[in-house]
Amino acid sequence: MSEVSKTDSGFVVEAAAIARAFEITEEQVREEMRNGLIRSRSESGAGEDEGRWRMTFYRADRAFRLVVDAEGEVLSRGSFPVTPRARSSVRRD
């Protein structure tokens, strides 16, 4: 299986690709995603970026980004520092 697969509901990124980017194990990726320590964002391109999708994964002070085409072929990848966001807490009365 390639790093990114297209499904009927979007794209699936292999845990191994995220693990390599953050230098952690695949199991850590799965656990941290379940616990909200790794967050993700997916954006579809517009204008000259039509037909491309950008998927960004955030962990602590690092981000990992993949840009893929409509078939899930990786066009570019990168990792860069980010300012950590505080985990939001929702108050329910």
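Throughout, residues of each chain are indexed from 1 in the direction in which the sequence is written. In view of the model being predicted, local features appear only for residues whose pLDDT reaches at least 70, and side-chain atom pairs are presented and counted only at 80 or more, with totals across whole chains, interfaces and linings using the full set of residues. Where side-chain values are given, they derive from all heavy atoms of the structure, hydrogens and water being excluded.

## What about the pairing of strand 1 (residues 4-7)?
Thought 1: Bridge count for strand 1 against strand 2 (residues 10-13) is four bridges, and the pairing is antiparallel. Looking across to strand 2, one finds that S5 is bridged to V12.
Thought 2: For two strands to be treated as a pair, DSSP must find no fewer than two bridges joining them. Numbering of helices and strands runs from the N terminus; a helix is a DSSP stretch of H or I covering at least four residues, while a strand is a stretch of E covering at least two. Counted along the chain from strand 1 to the antiparallel partner strand 2, the turn is two residues long.

## A word on the nonpolar core
Inside soluble globular proteins, nonpolar side chains tend to come together where they are buried.
Thought 1: Within this scheme, the nonpolar core is defined by two criteria: the residues are buried Ala, Val, Leu, Ile, Met, Phe, Trp, Tyr or Cys, and they are joined through side-chain atoms within 4.5 Å. Only protein chains enter the area calculation, which uses a 1.4 Å probe; residues under 20% of their type maximum are buried, those over 50% are exposed, and those in between are partly exposed. By size, the foremost hydrophobic cluster in this structure holds 16 residues, and its most contacted members are V4, V13, I18, F22, V29, M55 and F57.
Thought 2: Those elements that provide at least two residues to this core are strand 2, helix 1 (15-22), strand 4 (52-59) and strand 5 (62-69).
Thought 3: The element contributing the most residues to this core is helix 1, with five residues.
Thought 4: Not counting residues up to four positions away in its chain, the partners in contact with F22 are I38, F57, Y58, R59, R62, A63 and F64. Whether two residues are in contact is decided by their heavy atoms: any pair within 4.5 Å suffices.

## Re the pattern of salt bridges
Thought 1: By definition here, a salt bridge exists when the distance from a side-chain nitrogen of Lys or Arg to a carboxyl oxygen of Asp or Glu is within 4 Å. By the definition in use, this model includes seven salt bridges.
Thought 2: The partner of E32 in a salt bridge is R59, and the shortest N-O contact between them spans 2.6 Å. Separated by 27 residues along the polypeptide, E32 in helix 2 (residues 26-34) and R59 in strand 4 bring together distant segments of the chain.
Thought 3: According to the relative accessible area criterion, R59 is partly exposed, its value standing at 22%.
Thought 4: With a closest N to O distance of 2.9 Å, E43 and R54 form a salt bridge. Here the residue E43 occupies a position in strand 3 (residues 38-44), and R54 occupies one in strand 4, the gap between them amounting to 11 residues.

This is a description of form; function is not addressed.
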